[in-house]
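Spelled out from the first residue to the last, the chains are:
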Amino acid sequence: MTNPNIDLGDIHWLMDILQNIDVGLVVLDKEYNIQLWNGFMDSHSGISPQNAKGENLFTLFPDIPEAWFRKKAEPVFQLKTRTFTIWEQRPYLFHFKNYRPITGRATFMYQNTAIIPLESIDRQIHHICVIIYDVTDAALGKEEAHKLGVEINKLTRVDPETGLMTTDAWHEEISRELARVHRSEMPSCIALLDHSQLAIDADALKKAYALLARSLRQTDLACVPQSGQVAVLLPASDEGDVRFFAERIRKTIGRQIPEFRNHTRIGIARALDTFNNANEWLQAVDAACTAAANTDDHLQIHTPDS
Amino acid sequence: MTTPPIVTLSDDQRDCYQELTNVAMGQAADRLARLLDSYVVLPIPKVNLIEISDLRMAIEGAQEEDAVSAVCQGFIGSGIAGEALMLFNDTSFTDLARLTNYPGELTHQAQLEILMDVSSLLIGACIQGIGEQLEIHFNQGHPVVLGQHCNVNDILNVSNQKWRRTLAIEIHYTMEAVNVDCDLLLLFTEDSVLRLNHVIDFLLD
Amino acid sequence: MATNILICDDSSFARKQMARAIPTGWDVEVHFATDGVEGVQAIREGRGEVVFLDLTMPNMDGYGVLETIRKEDLPAMVIVVSGDIQPDAQERVMGLGAMAFVKKPIDAAKAEAVLTEYGIMTRA
């Protein structure tokens, strides 16, 4: 490609720009030997162009995952296409210090890279150029925003009264879980604990909820669907797992509130492919919970025919 | 500020865009076929003027929860600007992982890698292919992955463009023998369409 | 006598591009078809001694045209001009009896090269 901007006499300008531009430029040949190493690379790596030139990239930087980088670079040689890597894939290609070592929050420089083909006079690609962009600020900003988002999400999903999930959020979750069950083979259950026949004072109840919250796995979600009940969604669990879990909960809370142990009814229902919506699942667990009144251990597992 | 004239598209122009895209996507498919060693079925590209609501629906459809399923990448050259949007509708990442030789477990990270590899290739080849025929060198921005933490409304509203309808080129890729089904959408800004139409008219002349 | 040339492509832009690429000074009569069905008809009527054939077309695609030519043993030398340049596509059309495969976009240089290579073009 000819470029009307460039005269041969202007080459020394171009060299100056190459040295001073604030992006990294590395030219590699087919063997991944470094052919060009600009000022940015020199400054950040501490390796001078004299020492970099001719060296193999992977020997000079053993922490660059060779197989991964080749996967990104080979199509550039073979197909003349540009490829890109973003910091979300891998925070950096070259491990450089953050540009702001004192006031910056990151210890290293986040990088995006573009790999472009360089056409030789014979129109073949014998060289590629790796362009390295410092995206530390953008990456930190995005990670920060993400963290805040998660935090806000948590705040709006937790009921301050019970410390458990709000019923609205919980209903959303079970709808989503049902859809997931329809797509996969993984079982999923809801356990409903009903203690409405007991008169438990508010303070004791709050303690009971805290105990419950502590015994949940990270993926389990509990809420108070109505006063006198606690519902727990247990993804990736079958009825057997959930029975074990529910019994344990009844025992744990029973240590604080003795009558809880003997008078709490438990219904368990697994998500079935035949459920059209989350309400049908809730009805099943509700029915099981009602039926639990007539069993010896006050626990009933929903069966499709019951 | 003056409002730009309404974007229009004559039958001849549509035909021309279709043909240019056809050639470009053929090049893209050829690269993908070589990468994956599997034949890519080439459809006839759709060239339309679309409303912003259509785009919203297309993106929402591709945003299945938890799944990383869309990549967008901006491009610009000779004052013509647009974005390429790659939507993976019903794509089996297991199949893609096998074809692209990704070892090990198919983690979120591995999906991201595959998504980037495939979309880089398809978007790059398509944009370059169209650019070459129009004699425009398009610069490409860095790709952005639209994933679980990206809200459709954020993507479409934050951009301050008050566009209503614009040119969209839609390419639907499927592959023989494997479960890969994706859409590549090329969207141009309204003012770019006017410039593009001008270039096209020159070719049609 | 003028050679009958058929350009078979669903895109009017592509047909125009193809027509422009035909070398000047070659004694030809150029005909057009907008899909495979029209194309086959034209070949049957002797308007396609040399055919520039696209692959992706509605009604009948380029593969269909090649199959019909072979089945009916029609007198046509076919040069496939295609955007689909995957190795599989090239192999398939050559297997179906196409004489040459040219990558789109076509231009005068490419057209002249292929016509000369296969000795199709005879200067008037």
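Residues numbered from 1 in each chain as written. Chains lettered and ligands numbered in written order. Predicted model: local features only at pLDDT ≥ 70, side-chain atom pairs only at ≥ 80, totals over all residues.

Student: I tried to follow the interface of chain B and chain A on my own but got confused; where do I start?
Tutor: By convention, interface size is frequently given as the accessible area that disappears when the constituent parts associate. Contact with chain B, which involves 15 residues of that partner, is made by 13 residues of chain A. Mapped onto the side of chain B that touches chain A, the elements with two or more residues apiece are helix H1 (11-36) and helix H4 (108-134) of chain B. If one sorts the elements of the side of chain B that touches chain A by residue count, H4 of chain B sits on top with 7 residues. Class assignment for the residues of the side of chain B that touches chain A results in 7 nonpolar, 5 polar and 3 charged. (Contact = placed C-beta atoms within 7 Å. Helix = DSSP H or I, 4+ residues; strand = E, 2+ residues; numbered from the N terminus. Nonpolar A, V, L, I, M, F, W, Y, C, P; charged D, E, K, R; others polar.)

Student: Whenever I open this one, the sheet that holds strand E8 (residues 229-235) of chain A confuses me. Can you help?
Tutor: Remark on secondary structure: sheet strands pair via backbone hydrogen bonds, oriented parallel or antiparallel. All names here are of chain A. Taken together, the 5 strands give an open sheet; going across it, the order is E7-E8-E6-E9-E10, and neighbouring strands pair in mixed fashion. What marks the edges here is a single partner per strand, and that holds for strand E7 (221-223) and strand E10 (299-301). Across this sheet, the average inter-strand angle for adjacent strands is 15 degrees, counted without regard to direction. Judged from the 7 bridges that link them, strand E6 (residues 188-194) and E8 form a sheet pairing that is antiparallel. Bridge assignment links Leu192 to a residue of E8, and that residue is Ala231. (Pairing = 2+ DSSP bridges. Axes fitted to C-alpha atoms, helices over the stretch in contact; angles between N-to-C directions.)

Student: I'm lost on the confidence of the model for chain B in this one. Help?
Tutor: As a note on interpretation, predicted positions should not be read in detail where pLDDT is low. Residues and elements named next belong to chain B. Per-chain confidence: chain B averages 80 in pLDDT, with 83% of residues scoring 70 or above. Predicted confidence in chain B is weakest over helix H5 (residues 152-158), with a mean pLDDT of 56, and strongest over strand E5 (residues 139-140), with 92. Per the prediction output, this complex has pTM 0.72; the corresponding ipTM is 0.83. (pLDDT = per-residue confidence, 0-100.)

Student: Is there a simple way to explain the arrangement of the chains in this structure?
Tutor: Contacts are most numerous between chains B and C, considering all 2 pairs of chains that are in contact. Left apart from each other, chain A and chain C have a closest C-alpha approach of 13 Å.

Student: In this structure, what is going on with the pairing of strand E3 (residues 50-53) of chain C? I would like to understand it.
Tutor: Within a regular strand, the side chains alternate between the two sheet faces. All names here are of chain C. The alternating pattern of E3 places Val50 and Phe52 and Val51 and Leu53 on opposite faces, both of which are buried. Both strand E1 (residues 3-8) and E3 contribute to a ladder of 4 bridges, which runs parallel. The residue of E3 that forms the bridge with Cys8 is Leu53. Inspection of the sheet shows E3 paired to strand E4 (residues 77-82) by 4 bridges, in the parallel sense. What sits directly across from Phe52, in E4, is Ile79. In the classification by handedness, the crossover that spans E3, the intervening helix H3 (residues 62-72) and the parallel E4 is right-handed. (Buried ≥ 20, exposed ≤ 12 C-beta atoms within 10 Å, placed from the backbone. Right-handed = clockwise from strand over helix to strand, strands pointing away.)

Student: Mind showing me how you'd approach the interface of chain B and chain C here?
Tutor: Listed by partner, the interface residues are 18 residues for chain B and 12 residues for chain C. Ranked by residues supplied to the side of chain B that touches chain C, first place goes to H1 of chain B with 12 residues. In terms of residue class, the side of chain B that touches chain C is made up of 9 nonpolar, 5 polar and 4 charged.

Student: I tried to follow the sheet that holds strand E5 (residues 125-134) of chain A on my own but got confused; where do I start?
Tutor: Residue and element names in this part refer to chain A. Spatially, 5 strands are ordered E2-E1-E5-E4-E3 in an open sheet, and the strand pairing comes out antiparallel. Each end of this open sheet is capped by a strand with a single partner; those strands are strand E2 (34-37) and strand E3 (83-85). Taking the axes of each pair of neighbouring strands and ignoring which way they run, one obtains an average angle of 20 degrees across the sheet. One ladder, built from 3 bridges, connects E3 with strand E4 (residues 111-119); its direction is antiparallel. Note on E4: the bridge partner recorded for Thr85 is Thr113. Contacts from helix H5 (residues 66-79) reach E3, E4 and E5, with the element oriented near 25 degrees to E4.

Student: Can you help me understand the nonpolar core in this one?
Tutor: Inside soluble globular proteins, nonpolar side chains tend to come together where they are buried. The biggest cluster of nonpolar side chains holds 88 residues, and the ones touching the most others in it are Ala84, Met86, Leu122, Cys126 and Leu184 of chain B together with Val51 of chain C. Top element by residues in this core is H1 of chain B. It accounts for 12 residues. Among residues more than four places away in sequence, those in contact with Val51 of chain C are Leu6, Cys8, Ile43, Ala76, Met77, Val78 and Ile79 of chain C. Listed in part, the 42 residues of the second largest apolar core include Leu221, Val224, Val230 and Ala278 of chain A. (Core = buried A, V, L, I, M, F, W, Y, C linked by C-beta atoms within 7 Å.)

Student: What's the story with the environment of Val47 of chain B in this structure? I'm lost.
Tutor: Residues and elements named next belong to chain B. Checked against the element boundaries, Val47 lands in strand E2 (residues 46-51). The buried category is assigned to Val47, around which 20 C-beta atoms lie within 10 Å. Residues Val47 and His142, spaced 95 residues apart in sequence, show a C-alpha to C-alpha distance of 25 Å. Val47 has contacts with Arg14, Tyr17, Gln18 and Ile169, leaving out every residue within four places of it along the chain.

Student: Which parts of the structure should I look at to understand the domain arrangement of chain A?
Tutor: As assigned here, chain A comprises domain 1 (8-142) and domain 2 (158-301). Computed over C-alpha atoms, the centres of domain 1 of chain A and domain 2 of chain A are 54 Å apart. (Domains from an automatic or database assignment.)

Student: Mind showing me how you'd approach the packing of helix H2 (residues 36-44) of chain C against H3 of chain C here?
Tutor: Between two packed helices, both the angle of their axes relative to each other and the distance between the axes serve to describe the pair. Residue and element names in this part refer to chain C. For the pair H2 and H3, the least separation of the axes is 9 Å and the interaxial angle reads 25 degrees. Taken together, the axes of H2 and H3 lie roughly parallel to each other. Regarding H2 and H3, the two cross each other, and that crossing is right-handed. Taking contact as the criterion, the partners of Gly36, Gly39, Val40 and Ile43 in H2 are, on H3, Gly62, Gly64, Val65, Thr68 and Ile69. Residue composition of the contact of H2 with H3, by class: 4 nonpolar, 5 polar and no charged. (Parallel < 35°, antiparallel > 145°, perpendicular 65-115°, else oblique. Left-handed = near helix turned anticlockwise from the far one by under 90°.)

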